[in-house]
Amino acid sequence: MTRLNDLFDQQGQSPWLDNLRRDWIQDGTLASLVADGIRGITSNPTIFAKAIEGQDSYDDQFRSLIDKKPVEDAYWDLVVDDIDAALAILRPVFDASGGSDGFVSVEVAPSLARDTDGTIAAARGLHERIDAPNVLVKIPATAEGVPAIKQMISEGRSINVTLIFSLDRYAEVIEAYQSGLEAYVASGATDLSTVSSVASFFISRVDTEVDRRIEAAAHGDEKVLALRGRAAVAQGRQAYRLFREKFSGARWEALAAKGARVQRPLWASTSTKNPDYPDLAYVDTLIGPDTVNTMPDGTIADFQDHGTVARTVDIDLDEADKTVAALADAGIEMASVSATLEDEGVASFAKSFDELMQSLTDKANRLSSPS
């Protein structure tokens, strides 16, 4: 047994891998990670950009595709093939867990983050193209994304909601999930157990932005400077409290009676960005039942080596509230922080996608040029 197994068996948290590479699919690395206790996979445009640009295992397929279709269509073929292969590797976890784990996530094109109708069409298209019960299509939790989330859930489609940075937006995401389930029931559905969702709450990026603001606002005030590195975990713990509140009571119990699954909080962006902070600052501190932590491979290795398996996600809630209040007193409002991070997150994924399309276009031109 590994620490990853213990994390799930003892604390009810599912460790997922925040990476996907074709060479890992082909050489057994991914299967080995699953054997060690990894229970799901997340991907995004940046991950695919690094994978496709960083290795030659895609070249033969890409070469054959560009003879028949545009570069962007070829890209989606590459992505879907990787997702299909990963889904097959995770399918035994899905089956053994009764459909509660073993998921692989694929994201709609980042250019759709502010386009509700486009997101709905793209998410529906990915679900129809990747016809597997353990696929989660990722939709950003922008203001325009929230209605798309509700629509997909109302059609019985499983969704990973990504880029959540604030408690207010998280509350909107929970409402979209629950009202989507209610709409699915109204359409005639009697078994909600086939619908799954996670809500990806981003963690470390919060400290990166808050710390930057603290250093600009502190003017040497040690009391304010002492708040560095505390906002992300504090807000994560507040989010878990909100999760427990919203997935209880008569409304939720009526859905649960029809087989509905809770929409688990998924802690994303949990690698440590600041070298002055512990390498597991965003893993050891947010462990608890009905949660997911998706970690890059380096963070997984660190956790396997020296992670702490203990329930921590709902300890010191008073301290979490005090931290957020103290930040507000210092002029740092979490609503402003989250708005900045959402804009940056959308822009970052769009930039990665655009750069990858340019790289693939350049490669296509080279491959099609006479030698």
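Our subject is the structure listed above.
Since we're looking at a predicted model, the values are computed, not measured. (Residues numbered from 1 in each chain as written. Predicted model: local features only at pLDDT ≥ 70, side-chain atom pairs only at ≥ 80, totals over all residues. Heavy atoms only, no water.)

Quick notes on empty space enclosed by the protein
Link 1 in the chain: The final tally for this structure, using the stated rule, is two cavities of 30 Å³ or more.
Link 2 in the chain: Considered as a void within the structure, the largest cavity measures approximately 60 Å³ in volume.
Link 3 in the chain: Around the largest cavity, the lining is made up of 13 residues, and of these Pro-45, Phe-48, Tyr-75, Trp-76 and Glu-107 lie nearest the centre.
Link 4 in the chain: For the lining of the largest cavity, the elements supplying multiple residues, two or more each, are helix H4 (45-54), helix H6 (71-96) and strand E3 (103-107).
Link 5 in the chain: No other element matches the three residues that H6 contributes to the lining of the largest cavity.
Link 6 in the chain: Here the lining of the largest cavity is built from residues that sort into 10 nonpolar, two polar and one charged.
Link 7 in the chain: Quantified by volume, the second largest cavity comes out at close to 40 Å³.
Link 8 in the chain: Lining the second largest cavity, in full, are Glu-107, Pro-110, Ala-113, Pro-140, Leu-163, Val-346 and Phe-349.
Link 9 in the chain: Each residue belonging to the lining of the second largest cavity can be placed in one class, and the counts come to six nonpolar, no polar and one charged. (1 Å grid on protein atoms, 1.4 Å probe; cavity = no way out; pocket = protein on both sides within 12 Å on 5 of 7 lines; lining within 4 Å. Points joined across faces, edges and corners; volume = space filled by probe spheres on them. Helix = DSSP H or I, 4+ residues; strand = E, 2+ residues; numbered from the N terminus. Nonpolar A, V, L, I, M, F, W, Y, C, P; charged D, E, K, R; others polar.)

With respect to the pairing of strand E4 (residues 135-140)
Link 1 in the chain: Counting buried residues in E4 gives six out of six residues, a clear majority hidden from the surface.
Link 2 in the chain: Side-chain alternation along E4 places Val-135, Val-137 and Ile-139 on one buried face and Leu-136, Lys-138 and Pro-140 on a second face that is also buried.
Link 3 in the chain: As paired elements, E3 and E4 share four bridges and run parallel to each other. By the bridge assignment for E4, Ser-105 is matched with Leu-136.
Link 4 in the chain: Handedness of the crossover joining E3 and E4 through helix H7 (residues 116-129): right-handed. (Buried < 20%, exposed > 50% of the residue type's maximum accessible area, 1.4 Å probe, protein only. Pairing = 2+ DSSP bridges. Right-handed = clockwise from strand over helix to strand, strands pointing away.)

Considering the packing of helix H12 (residues 231-246) against helix H15 (residues 317-329)
Link 1 in the chain: Contact geometry for H12 and H15: axes closest at 9 Å, N-to-C directions at 125°. The orientation of H12 relative to H15 falls into the category oblique. When you trace H12 past H15, the crossing you get is left-handed. Of the residues in H15, those in contact with Ala-231, Ala-234, Arg-237, Gln-238 and Arg-241 of H12 are Leu-317, Ala-320, Asp-321, Thr-323, Val-324 and Leu-327.
Link 2 in the chain: The class makeup of the residues in the contact of H12 with H15 is six nonpolar, two polar and three charged. (Axes fitted to C-alpha atoms, helices over the stretch in contact; angles between N-to-C directions. Parallel < 35°, antiparallel > 145°, perpendicular 65-115°, else oblique. Left-handed = near helix turned anticlockwise from the far one by under 90°. Contact = heavy atoms within 4.5 Å.)

With respect to the packing of aromatic side chains
Where two aromatic rings form a pair, the distance of their centres and the angle of their planes describe that pair.
Link 1 in the chain: In total, this model carries 11 aromatic pairs according to the counting rule given.
Link 2 in the chain: A ring pair is formed by Tyr-75 and Trp-76, whose centres lie 5.2 Å apart and whose planes are at 70°; its orientation type is edge-to-face.
Link 3 in the chain: You can call Tyr-75 buried: its relative accessible area is 3%.
Link 4 in the chain: Cluster of aromatic residues (ring-pair linked, three or more members): Tyr-177, Tyr-240, Phe-243, Phe-247 and Trp-252.
Link 5 in the chain: The ring centre of Phe-8 lies 3.6 Å from the NZ or CZ of Arg-39, which sits over that ring. (Phe/Tyr/Trp six-rings, centres within 6.5 Å; stacked < 30°, edge-to-face > 60°. Lys NZ or Arg CZ within 6 Å of the ring centre and 35° of its normal.)

Focus on helix H14 (residues 297-306)
Link 1 in the chain: Restricting attention to buried positions, one finds in H14 the residues Thr-299, Ile-300 and Phe-303. Buried residues of H14, viewed axially, fall in a sector of 105°; they line one side.
Link 2 in the chain: Structurally, H14 contributes buried residues whose contacts are with helix H1 (3-11), strand E1 (13-17), helix H3 (29-35) and strand E8 (291-295). (Arc of directions from axis to C-beta.)

Concerning the layout of surface pockets
Link 1 in the chain: Here the largest pocket defines a volume of roughly 530 Å³.
Link 2 in the chain: Asp-18, Asn-44, Ile-47, Lys-50 and Pro-296 are, among the 26 residues lining the largest pocket, the residues nearest its centre.
Link 3 in the chain: Elements that contribute at least two residues to the lining of the largest pocket include exactly H4, strand E5 (159-164), strand E6 (197-202) and strand E7 (264-268).
Link 4 in the chain: Per element, the largest residue contribution to the lining of the largest pocket is five residues, and it comes from H4.
Link 5 in the chain: Within the lining of the largest pocket, the residues separate by chemical class into seven nonpolar, 13 polar and six charged.

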